[in-house]
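# Fold and contact review
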Amino acid sequence: ILRGMLPLDHAAEFDPARDEEFFAALPPRAGICRIEPRADGAHPYLRRTADLRRVCRRLLGPPEAADEAAPSEARRPRLNLREIAARVRYRITGSTFEQTLTLYQQARELFPRTYRERMRLVPPALLKINLANEYPRCYVARRIASDGGFYFGPFPSRRAAEEFSKEFLALFKIRRCHIRIRRDPSFPGCIYSEMKMCLAPCFAGCTKGEYDAEVARVEGFLASRGGSLVGELEAERDRAAAIEDFERAALIHKKHEKVGAVLRHLPELPRRLDQFDAVILQPAADRGSVAAFRVRGGAIADPFFVNFRELSSQPRSVEAILREFLESGTEPEAPAEPLADHISLLARWFYSKPRVGEMFFRETASGAAWPYRRILRACGRVIGPQTFLPPGPGNASSAGGTSRPQKNK
């Protein structure tokens with residue numbers, strides 16, 4: 001198991017007189033490449049690619065002669081860095097997620113003011129409860145501030161967050177208005193107070209303690225992804241049925257169904273950010289390996305790599321190794337990058353189609369913690385069944401080919 005940052009761990013000096021030898025040494029693999037110029041102070045060229053050898057050959061090879069017979073649009077010369085390039089640094093990546101994270105780290109280091117625009121990094125869509133306000137409300141936010149607020153997300157878009165907040169807030173009675181609450185009995189109120197959908201602190205329709213209790217219910221609903229309210233309604237329904245108040249039990253059951261309909265519109269990814277604890281499994285660049293990215297508090301930690309071919313001869317099981325890493329008491333170093341950037345990267349990967357890799361959450365509320373059996377099965381899906389075949393002349397897959405799973409006899 002190897003742990004570390006995501007550096008560009010390969011480098012090659014470029015000499016135009018020996019360019020074919022240089023290109024032949026580059027792997028035709030997906031990765032991140034950075035072409036560094038000879039001149040001091042000049043900005044390097046950074047990009048992601050599906051084929052390192054091909055893109056370097058295009059950027060560093062002899063410039064193509066323009067076809068005079070072609071239209072003017074087609075005669076525009078391609079970017080060529082042959083005369084100014086000094087060296088190429090690159091990293092081979094095994095997945096789009098690793099590639100995006102590496103590109104983000106490199107871009108933020110090289111272009112600290114413009115890296116978001118270069119990567120088209122959109123701020124995440126979140127739900128926020130501003131607990132610093134005397135009478136908090138829940139609304140959609142894009143910025144994560146250090147104000148002790150309650151943040152829940154990310155959603156695939158601002159529109160999706162607004163639609164879900166509109167649906168789930170109908171189950172509670174906290175305010176939706178933007179006004180400053182003064183608790184004035186002469187205040188006329190709004191349509192929500194008229195419809196009994198708000199506790200109406202604006203005209204002292206409730207005490208401060210009653211409003212705080214309702215805000216706590218909203219926090220519990222989001223933190224448990226609806227589990228707190230579902231359990232509350234089920235217990236209340238059972239009590240009503242126990243005393244044979246079936247009419248009230250039927251009304252509670254209808255509300256229970258309404259809550260279920262609301263939760264069906266909640267994506268799998270959104271979580272309370274300070275309790276966002278997960279692991280992302282991705283294919284690694286080395287054959288037969290899995291890259292596991294720990295996510296804690298919404299921040300993506302350094303990956304660790306597990307090579308299943310090497311571990312097949314180890315005395316410890318893979319589950320024991322994963323358990324030691326995921327349940328270690330040592331806190332990972334907090335990333336220097338803003339938390340909102342990490343949340344945006346998670347949302348970009350999770351809501352992409354098709355999505356490569358799998359994510360598993362640590363469910364502390366249920367007491368189940370990490371689902372190790374499901375994680376191990378997912379490792380097999382990520383790297384493929386041919387990885388578990390023993391190396392040898394009889395297995396073509398060990399030489400880089402593909403194998404067909406054998407039927408059980």
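Below, the structure is looked at part by part. (Residues numbered from 1 in each chain as written. Predicted model: local features only at pLDDT ≥ 70, side-chain atom pairs only at ≥ 80, totals over all residues. Heavy atoms only, no water.)

### Here's the deal with unusual backbone geometry
Of the consecutive residues Gly153 and Pro154, the connecting peptide bond is found in the cis state with omega at 5°. Structurally, Pro154 is set in strand 8 (residues 150-155). For the peptide bond that leads from Lys353 to Pro354, omega is -5°, which places it in the cis range. Along the chain, the position of Pro354 falls in the loop between helix 12 (339-350) and strand 13 (358-361). Look at Arg183: it is not a glycine, yet its phi comes out positive at around 55°. Relative to the elements of secondary structure, Arg183 occurs in the loop between helix 5 (158-169) and helix 6 (191-194). The backbone phi angle of Glu244 is positive, close to 65°, even though this residue is not glycine. (Helix = DSSP H or I, 4+ residues; strand = E, 2+ residues; numbered from the N terminus.)

### What to know about helix 8 (residues 227-242)
Because an α-helix packs 3.6 residues into every turn, residues spaced three or four apart end up facing the same way. Taking 1.5 Å per residue, 16 residues should reach 22 Å; helix 8 reaches 22 Å between its end C-alpha atoms and fits that length. Within helix 8, the full set of buried residues consists of Leu229, Val230, Leu233, Arg237 and Ala240. All buried residues of helix 8 lie within an arc of 100° about the axis, which places them on one face of the element. Relative to its buried face, helix 8 has exposed residues pointing more than 90 degrees away, namely Arg239 and Ala242. Contacts from the buried residues of helix 8 go to helix 7 (208-223) and helix 9 (246-263). Among the residues trailing helix 8, Glu244 stands out with phi positive, at a value near 65°. (Expected span 1.5 Å × (residues − 1). Buried < 20%, exposed > 50% of the residue type's maximum accessible area, 1.4 Å probe, protein only. Arc of directions from axis to C-beta. Contact = heavy atoms within 4.5 Å.)

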